[in-house]
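# Survey of secondary and tertiary structure
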Amino acid sequence: MTTDDHILLARRHLAAARKLTILTGAGISADSGVPTFRGADGLWRNFRPEDLATPEAFERDPRLVWEWYNWRRELIATKQSNSAHHAVVELEQRWVDRMWLITQNVDGLHRAAGSQRLSEIHGNIWKVRCTGCGVVSENREIPLPPLPTCRLCQALLRPHIVWFGESLWEEEIHRCDEALRDCDVFLVIGTSGVVYPAAGFASVAKEAGAMVIEINLDRTPQSNLVDLSLQGRAKDLVPLLLYPA
Ligand code: BJW
Ligand code: ZN
């Protein structure tokens, strides 16, 4: 089957779906110019994740971690959502309250595009959390030094991001689990499918009876598990799903 045949099939399954759940990863924002984590120009290529994206790293050297996040914030601030983010918004509007978006991305580009029904399961780079009192707030400017501290309790602020070895927020996971078990189509866009728990979501949805469709530039460890694997750029393929079946 050609990619065109796959797209026709995907449209047919979407047209018949009462409930739709979408999972996105760094690949959907790659088309906006945000580097992925594990690709050729991935963010991990210059930094070891264990040096930066763990609670231990932050404890050891909060300044280094904050400098990395500030560098990423500056980069992301120059990027805009692309046609794939916008197509996801269009799907949300068509499915009204029967679609749920789960994103691993922390860049905020889905919200910027207009998505409203979503779980940002790894957090949001524009938010900070107090290591003392736990209060979460939006903060777009973190000038260094000194290290940022909480106005309420003076403890150190950290990025509101889920690092390796940390648990995801229970409420979000509960909402995602419901969306995975209750959907007819599960659409997986631009994720390498290696980071848990999101790496297990396709199996959960499939076991619950959903048709699983993957859109990715390359094949992934999940490609054999899914029902339909569409290879190409998210910005080209996701908008094609909006046409009638
Ligand atoms: C395109 C494209 C284009 C490119 N169009 N496509 C079970 C088994 C083994 C290990 C574990 C397990 N359960 C938990 C773990 C440990 C760990 C884990 O999964 N480790 C793995 C590496 C094995 N998970 C955790 O620690 C999680 N916590 C947890 O589960 O708590 C309970 C627990 C803890 C400990 C033990 C057991 C249980 C937390 C994970 C948090 C991940 N956080 C990060 C970093 C945040 C830092 C930050 O952003 O600042 O989140 S990791 C990083 O990877 C980031 C991403 O959200 C995440 C996923 O990456 P993604 O989106 O898939 O990006 P890439 O780059 O990998 O892939 C891009 C894809 O796009 C590629 O496929 C390209 O082909 C494609 N692409 N251009 C379409 N234009
Ligand atoms: Zn505080």
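For clarity, every value in this text was computed on a predicted model and none was experimentally measured.

Taken together, the neighbourhood of ligand 1 is formed by 35 residues, with Arg 38, Tyr 69, Arg 72, Thr 191 and Ser 192 sitting nearest. Within the contact set of ligand 1, a nitrogen atom lies 3.3 Å away from a backbone nitrogen or oxygen of Leu 217. Contact distances for ligand 1 include 2.9 Å between a nitrogen atom and a backbone N or O atom of Ala 234. Here ligand 1 loses 76% of its free accessible area of 1500 Å² to cover by the protein chains. Where the shell around ligand 1 is concerned, the elements lending two or more residues are α2 (26–30) and α5 (62–77). The element contributing the most residues to the shell around ligand 1 is α2, with three residues.

For helix α6 (residues 83–95), spanning 13 residues, the distance from its first C-alpha to its last is 18 Å, which sits close to the expected 18 Å at 1.5 Å a residue. Every buried residue belonging to α6 is among Ala 84, His 85, Ala 87, Val 88, Val 89, Leu 91, Glu 92 and Trp 95, and all of these are buried. For α6, the N-terminal capping position is held by Asn 82, with its side-chain oxygen 2.7 Å away from the main-chain nitrogen of Ala 84. Downstream of α6 by a residue or two, Val 96 has a phi angle that is positive, lying close to 50°.

Right, let's get into the packing of aromatic side chains. Under the criterion given, the structure shown has three aromatic pairs. Ring centres of Trp 68 and Tyr 69 lie 5.1 Å apart, and the angle between their planes is 75°; on these two criteria the pair is classed as edge-to-face. For the pair formed by Trp 68 and Tyr 69, the shared burial category is buried. For the ring pair Tyr 69 and Trp 163, a centre distance of 6.4 Å and an interplane angle of 45° mean the geometry is tilted. You can see Tyr 69 sitting in helix α5 and its partner Trp 163 sitting in the loop between β6 (157–161) and α8 (170–181), a full 94 residues away along the chain. Each member of the pair, Tyr 69 as well as Trp 163, carries the same accessibility label: buried. What links up through ring pairs into an aromatic cluster is the set Phe 58, Trp 68, Tyr 69 and Trp 163. We note Arg 72 situated over the ring of Trp 68; from NZ or CZ to the ring centre the distance is 4.6 Å.

With parallel pairing, six strands are arranged side by side in an open sheet as β3-β2-β1-β7-β8-β9. Every interior strand has two partners, whereas the edge strands, β3 (118–120) and β9 (228–231), have only one. Adjacent strand axes in the sheet meet at a mean angle of 15° when their direction is disregarded. Pairing geometry for strand β1 (residues 20–24) and strand β7 (residues 185–189), over five bridges, is parallel. When the sheet's bridge partners are listed, Thr 21 is paired in β7 with Phe 186. Each of β1, β2 (99–103) and β7 is contacted by α6, which is oriented at about 150° to β2, the strand it contacts most. Its contacts with the sheet place α8 against β1, β2, β3 and β7, and it is angled at close to 130° to β2.

The next point concerns the pairing of β2. Counting buried residues along β2, five of its five residues qualify, which places the element largely inside the surrounding structure. With burial as the criterion, each face of β2 is covered, one bearing Met 99, Leu 101 and Thr 103 and the other bearing Trp 100 and Ile 102. Here β1 pairs with β2 via five bridges, running parallel. Counterpart to Thr 21 in the pairing with β2 is Trp 100. Summarising the sheet, β2 and β3 pair through three bridges and their orientation is parallel. Among the inter-strand pairings, Leu 101 is bridged to a residue of β3, identified as Leu 118.

Our next topic: the pattern of salt bridges. For the structure on display, the rule yields 11 salt bridges. Across the pair Arg 140 and Glu 138 runs a salt bridge whose closest N-O atoms are separated by 3.4 Å. One salt bridge connects Arg 158 with Glu 166, and the closest N-O pair in it is separated by 2.8 Å. Relative accessible area serves as the criterion here: at 7%, Arg 158 is assigned to the buried category.

Rules and cut-offs
- Residues numbered from 1 in each chain as written.
- Chains lettered and ligands numbered in written order.
- Predicted model: local features only at pLDDT ≥ 70, side-chain atom pairs only at ≥ 80, totals over all residues.
- Heavy atoms only, no water.
- Near = heavy atom within 4 Å.
- Polar contact = N/O pair within 3.5 Å; in protein donor to acceptor, adjacent residues only side chain to side chain.
- Areas by Shrake-Rupley, 256 points an atom, 1.4 Å probe, with all protein chains shown as cover.
- Helix = DSSP H or I, 4+ residues; strand = E, 2+ residues; numbered from the N terminus.
- Expected span 1.5 Å × (residues − 1).
- Buried < 20%, exposed > 50% of the residue type's maximum accessible area, 1.4 Å probe, protein only.
- Phe/Tyr/Trp six-rings, centres within 6.5 Å; stacked < 30°, edge-to-face > 60°.
- Lys NZ or Arg CZ within 6 Å of the ring centre and 35° of its normal.
- Pairing = 2+ DSSP bridges.
- Axes fitted to C-alpha atoms, helices over the stretch in contact; angles between N-to-C directions.
- Contact = heavy atoms within 4.5 Å.
- Salt bridge = Lys/Arg side-chain N within 4 Å of Asp/Glu carboxyl O.

Read these as layout, nothing more, since geometry by itself doesn't imply function.
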